[in-house]
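# A structural walkthrough
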Amino acid sequence: MDTQSQVVERLRSTFRSGVTLPEAFRRGQLVKLMSMLKDNEEHIVKAVHKDLAKPKFETILSEVDIVTNEVHHAIANISSWMQPEYAAKNLATKLDDCFIQREPLGVVLVIGAWNYPLQLLIVPLVGAIAAGNCVVIKPSEISTATEALIAELIPKYLSEDCYAVVRGGAEDTEALLKNRFDHIFYTGSQAVARRVMQAASVHLTPVTLELGGKCPCLIYGRIDFKAAARRLVWAKFFNAGQSCVAPDYVLCTTATRDALLPAVREVLDEFYTQEPKNSPDLARIVSPRHWSRLMDLLKRTSGKVVVGGTGNQEDKYIAPTVVVDVADDDALMAEEIFGPILPILTVESVEKSIELLRGKEKPLAVYVFSDESSVVKTVMERTSSGGFCSNDAIIHMALPSLPFGGVGASGWGSYHGHWGFDAFSHRRACMLRGWALERLNGLRYPPYSDEKIRWLRWTTAPSSCSLM
Ligand code: NAD
């Protein structure tokens, strides 16, 4: 078997051969990726179920379909994405061809996390293939069954000279990162992102960081409590709360909390029955270590558990849990929860909630539930986050025509659809000149004079094109 550096070198020599450059090659690989998803839907469902007990419905929605839609979108648009983008010109460049050419970066590394073990690797891979790169794919070792399936399927369907899967844990990934890549696309925690950046700095490799954080859900003003509870509960407990864009906590008034809680209880019963541990529609925590971290948070909270709170280590089960009377300095507010625990903080006005958020790191998403458009507008304008969604949560990330990514501590850069193609492309500024207008060029040559600078200013001013 090849060592890591042999794999990287093999891909580098393929990239240098230029085989990934033609549109037909990239399109062909995307079509094969589509077949991989189609032929192996049942295997994917089984593997993700083994890792997270994720219900088939959730896997189809969040792993198979979301990825398939991305591939479709890329196949339909690759031609236009690859076209040069023409740039505005001034008088001095009027006869030139000025455009932006997207060129592939080279050999790129995609490192995925365990919570959406297929999606978080294959969606970036779509952008990287469409942009003409060779790709090393590093699945999370924690979602073992999906890791094994990806390692089996990728070489079966895609060119082995261009795309390779490297398996391993923290140590292996640190060793892999010693190799030179032309871009690193990392999804995972902020702590590991720091190590990835350190490794990237050695080769001055650019990075995209898709990180986490605590996504708040503000509920203010008039609201349909039952509908709000349905959307909130679904988004929070989908994949047992192990979603980077899950609503991490709720901010609302005491009156709203009191009206929301009965609706949340009712919805939980409707969705998962009164015995949620027997519901096939509730996923499990990924590992005993992650389960213990969450149960420990519940032990340390000073809040009051009003729904759920129980768990079973053997089954890695944690009941959908709601905690009230949670203060901002509570254990549940110190880190991203990333599990089926929903704290509700009472803050008596939307302005005070916004103030609270402005003192925190920028999250991956901000959610606001309200029937009042002025409330939605105020929250949208006065907060900052990777994405924003009103009167719902999570689903904004499923639309390939919207960029997905963080800001500040929740990440750098974005992807999905066209933005995925851009993340793995260099925007090369191209100016194709001829030999005409040499007299105009003469303005910039010595001997310099005040008159020449006056003319030059005129020909290079942005408004000079409109004179022609
Ligand atoms: P993880 O443990 O699976 O780690 C992610 C990747 O980093 C894995 O491939 C792992 O092998 C690798 N890794 C671990 N230690 C490393 C090290 N020392 N050096 C180099 N690589 C190392 O996942 P995680 O970090 O627990 O992921 C959960 C976090 O990811 C949460 O914060 C979540 O919000 C975030 N996340 C973000 C997104 C997003 O799109 N923004 C999506 C999913 C998860």
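Heads up: the structure comes first, above all this text.
The following refers to the structure shown.

Attention now moves to the pattern of salt bridges. Counted by the stated rule, this structure contains 27 salt bridges. In this structure, the salt-bridge partner of Glu85 is Arg102, at a minimum N-O distance of 2.5 Å. One end of the pair, Glu85, is in strand β1 (residues 85-86); the other, Arg102, is in strand β2 (residues 97-104), and 17 residues separate them in sequence. Judged by relative accessible area, which is 38%, Glu85 ranks as partly exposed. Across the pair Arg433 and Asp96 runs a salt bridge, and its minimum N-O distance is 2.8 Å. Of this pair, Arg433 sits in the loop between β20 (425-432) and α15 (438-441) while Asp96 sits in the loop between β1 and β2, placing them 337 residues apart in sequence. Under the relative-accessibility criterion, Arg433 is labelled partly exposed at 40%. Classification of Asp96 as buried rests on a relative accessible area of 5%. Salt bridges linked by common partners bring Glu85, Arg102, Asp422 and Arg427 together as one network.

The next thing to look at is the pairing of strand β14 (residues 341-346). Burial analysis of β14 places 5 of its 6 residues in the buried class, the great majority of the element. Here strand β9 (residues 247-252) runs beside β14; their pairing, made up of 3 bridges, is parallel. Along β14, the bridge assignment pairs Val250 with Ile344. Alignment of strand β13 (residues 321-324) against β14, held across 3 bridges, turns out to be parallel. The residue of β14 that forms the bridge with Thr321 is Ile341.

Let us look at the packing of helix α3 (residues 41-52) against helix α4 (residues 56-82). Put simply, α3 and α4 touch, their axes get as near as 10 Å, and they point 110 degrees apart. Comparing the axis directions of α3 and α4 gives the class roughly perpendicular. Crossing hand, α3 versus α4: right-handed. Contacts from Glu41, Glu42, Ile44, Val45 and Val48 of α3 reach α4 at Lys56, Thr59, Ile60, Glu63 and Val64. By residue class, the composition of the contact of α3 with α4 is 5 nonpolar, 1 polar and 4 charged.

Near the ligand there are 29 residues, and of these Gly112, Ser140, Glu141, Glu174 and Glu336 occur at the shortest range. Contact between the ligand and Gly188: an oxygen atom at 3.1 Å from a main-chain N or O atom of the residue. In the model, a nitrogen atom of the ligand is placed 2.8 Å from a nitrogen or oxygen of the Leu211 main chain. For the ligand, whose free accessible area comes to 850 Å², the fraction covered by protein is 92%. Looking at the shell around the ligand, the elements that each hand over two or more residues are α7 (170-176), β6 (183-187) and α8 (190-202). At 3 residues, the largest contribution of residues to the shell around the ligand is made by α7. Residues that form the shell around the ligand fall into these classes: 15 nonpolar, 8 polar and 6 charged. Two domains each put at least three residues into the shell around the ligand: domain 1 (4-211 + 414-426) and domain 2 (216-399).

Calculation notes
Residues numbered from 1 in each chain as written. Predicted model: local features only at pLDDT ≥ 70, side-chain atom pairs only at ≥ 80, totals over all residues. Heavy atoms only, no water. Salt bridge = Lys/Arg side-chain N within 4 Å of Asp/Glu carboxyl O. Helix = DSSP H or I, 4+ residues; strand = E, 2+ residues; numbered from the N terminus. Buried < 20%, exposed > 50% of the residue type's maximum accessible area, 1.4 Å probe, protein only. Pairing = 2+ DSSP bridges. Axes fitted to C-alpha atoms, helices over the stretch in contact; angles between N-to-C directions. Parallel < 35°, antiparallel > 145°, perpendicular 65-115°, else oblique. Left-handed = near helix turned anticlockwise from the far one by under 90°. Contact = heavy atoms within 4.5 Å. Nonpolar A, V, L, I, M, F, W, Y, C, P; charged D, E, K, R; others polar. Near = heavy atom within 4 Å. Polar contact = N/O pair within 3.5 Å; in protein donor to acceptor, adjacent residues only side chain to side chain. Areas by Shrake-Rupley, 256 points an atom, 1.4 Å probe, with all protein chains shown as cover. Domains from an automatic or database assignment.

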